[in-house]
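Spelled out, the chains give:
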Amino acid sequence: MKITVTLTDSTTKFMINNLYPLYLHDLSEIWGNLPNQYGVYEDNETQTLNEQNKVFDIWWEKPGILYPYLIKEDGIPAGFALVATPPHTPPGCEFYLNEFFILRPFRGTGIAEHAAKEVFNLHIGKWELQTNPTTTNRRAQHFWRKTLKKYTSDSFQEECRKSYDDELKMIFNFNNGLGSRPESSQL
């Protein structure tokens, strides 16, 4: 099994665009969201996935600030990780894992943990990631606790509070900077 994490650009963004509606569909099970009147998982009048992709293009318009990574397993797209830096982060962090998604056939195989650690290692500093705190999201909560415990040698913070978007979230913070960076043998 060969897992790769690659920064996408305007020529390869279509692969993340293809996966994004599947991600939103998965989230609907957790958040209880329904598609809009056109069958698109957006709150507005977005009628097509092509229109949705245009709004999502910001990820490829701000290189060096926004980092859209494609995760592949043996050359097959398995998911994505979207990393933001200021000014697109909550206060107090340098890196924000805005979205992280692994397709269902690849879950439970170790790909997600490997990819998350690789993404973290690409950006050294103060991190934040958030997830839904309800019982409908126990799998993701368990995944992040387990992954961050290993990655940080149990040196992360977790709290349930309102986030920058005024929604109740489970918020994880850690620092993988100098003096706090995990040993490569733990990865």
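Residues numbered from 1 in each chain as written. Predicted model: local features only at pLDDT ≥ 70, side-chain atom pairs only at ≥ 80, totals over all residues. Heavy atoms only, no water.

*Asks:* What's the story with the packing of helix α4 (residues 111-122) against helix α5 (residues 138-152) in this structure? I'm lost.
*Replies:* When two helices pack together, you describe them by how their axes are tilted relative to each other and by the distance separating the axes. Taken N-terminus to C-terminus, the directions of α4 and α5 make an angle of 55 degrees; their axes are 11 Å apart at the nearest point. Accordingly, the angle class assigned to the pair α4 and α5 is oblique. α5 is crossed by α4, and the crossing has right-handed handedness. In this structure, α4 contributes Ala112, Glu113, Ala116, Lys117, Phe120 and Asn121 to the contact, and α5 contributes Phe143, Trp144, Lys146, Thr147, Leu148, Lys150 and Tyr151. Tallied by class, residues from the contact of α4 with α5 come to seven nonpolar, two polar and four charged. (Axes fitted to C-alpha atoms, helices over the stretch in contact; angles between N-to-C directions. Helix = DSSP H or I, 4+ residues; strand = E, 2+ residues; numbered from the N terminus. Parallel < 35°, antiparallel > 145°, perpendicular 65-115°, else oblique. Left-handed = near helix turned anticlockwise from the far one by under 90°. Contact = heavy atoms within 4.5 Å. Nonpolar A, V, L, I, M, F, W, Y, C, P; charged D, E, K, R; others polar.)

*Asks:* Any chance you could explain α5 here in plain terms?
*Replies:* One full turn of an α-helix is made of 3.6 residues, so residues set three or four places apart face in the same direction. In this model, α5 (15 residues) spans 21 Å end to end at C-alpha, consistent with the 21 Å of a helix rising 1.5 Å per residue. On its buried face, α5 sits against β4 (95-102), α4, β5 (126-131), β6 (156-162) and β7 (168-175). At the exit of α5 stands Ser153, carrying a positive phi of roughly 55 degrees. (Expected span 1.5 Å × (residues − 1).)

*Asks:* Even after reading the chapter, I still don't get the confidence of the model for the chain, so can you show me in this structure?
*Replies:* Atom-level detail of predicted coordinates should not be read off regions where pLDDT is low. Predicted confidence across the chain gives a mean pLDDT of 91, with 95% of residues reaching 70 or more. Contacts for the low-pLDDT stretch residues 183-187, under 50 throughout, to residues beyond four places or in other chains number seven contacts. (pLDDT = per-residue confidence, 0-100.)

*Asks:* Before we go on, may I ask you to explain the side chain of Gln130 in this structure?
*Replies:* Mapped onto the fold, Gln130 is located in strand β5. Within the structure, Gln130 has its side chain in polar contact with the side chain of Glu128 (distance 2.7 Å). Discounting residues that sit within four places of it in the chain, Gln130 has contacts with Pro90, Tyr96, Ser163, Tyr164, Lys169, Met170 and Ile171. (Polar contact = N/O pair within 3.5 Å; in protein donor to acceptor, adjacent residues only side chain to side chain.)

*Asks:* Quick question: what am I supposed to make of the packing of aromatic side chains here?
*Replies:* In this description, a pair of aromatic rings is defined by centroid distance and the angle of the planes. Across all of its chains, the model carries 20 aromatic pairs by this definition. Here the aromatic rings of Tyr67 and Tyr69 are separated by 6.3 Å at their centres, their planes lie at 10 degrees, and the arrangement is stacked. As far as burial versus exposure is concerned, Tyr67 and Tyr69 are alike and both buried. Consider the rings of Phe120 and Phe174, whose centres lie 4.9 Å apart with planes at 70 degrees: the pair is edge-to-face. Taken together, the residues span a long stretch of sequence, with Phe120 in helix α4 and Phe174 in strand β7 at a distance of 54 residues. Note on accessibility: Phe120 and Phe174 belong to one class, buried. (Phe/Tyr/Trp six-rings, centres within 6.5 Å; stacked < 30°, edge-to-face > 60°. Buried < 20%, exposed > 50% of the residue type's maximum accessible area, 1.4 Å probe, protein only.)

*Asks:* Hey, could you run me through the pattern of salt bridges in this one?
*Replies:* A side chain of one charge can pair with a side chain of the opposite charge when the charged atoms of the two come close. Taken as a whole and assessed by the stated rule, the structure comprises 11 salt bridges. Of the charged contacts in the structure, one is a salt bridge between Glu29 and Arg104, with a shortest N-O distance of 3.1 Å. Here the residue Glu29 occupies a position in helix α1 (residues 13-31), and Arg104 occupies one in the loop between β4 and α4, the gap between them amounting to 75 residues. Its relative accessible area of 46% is what places Arg104 among the partly exposed residues. Lys117 is paired through a salt bridge with Glu113; the nearest N and O atoms lie 2.7 Å apart. (Salt bridge = Lys/Arg side-chain N within 4 Å of Asp/Glu carboxyl O.)

*Asks:* Before we go on, may I ask you to explain unusual backbone geometry in this structure?
*Replies:* Generally, phi is negative for residues other than glycine and the peptide bonds are trans, each holding for most cases. Cis geometry marks the peptide bond from Pro86 to Pro87, where omega comes out at 10 degrees. A positive phi is found at Asp74, a non-glycine position, where the angle reads about 50 degrees. With a phi close to 55 degrees, Ser153 is a non-glycine residue in the positive phi region. Of note, Ser153 is situated in the loop between α5 and β6. With a relative accessible area of 44%, Ser153 lands in the partly exposed category.

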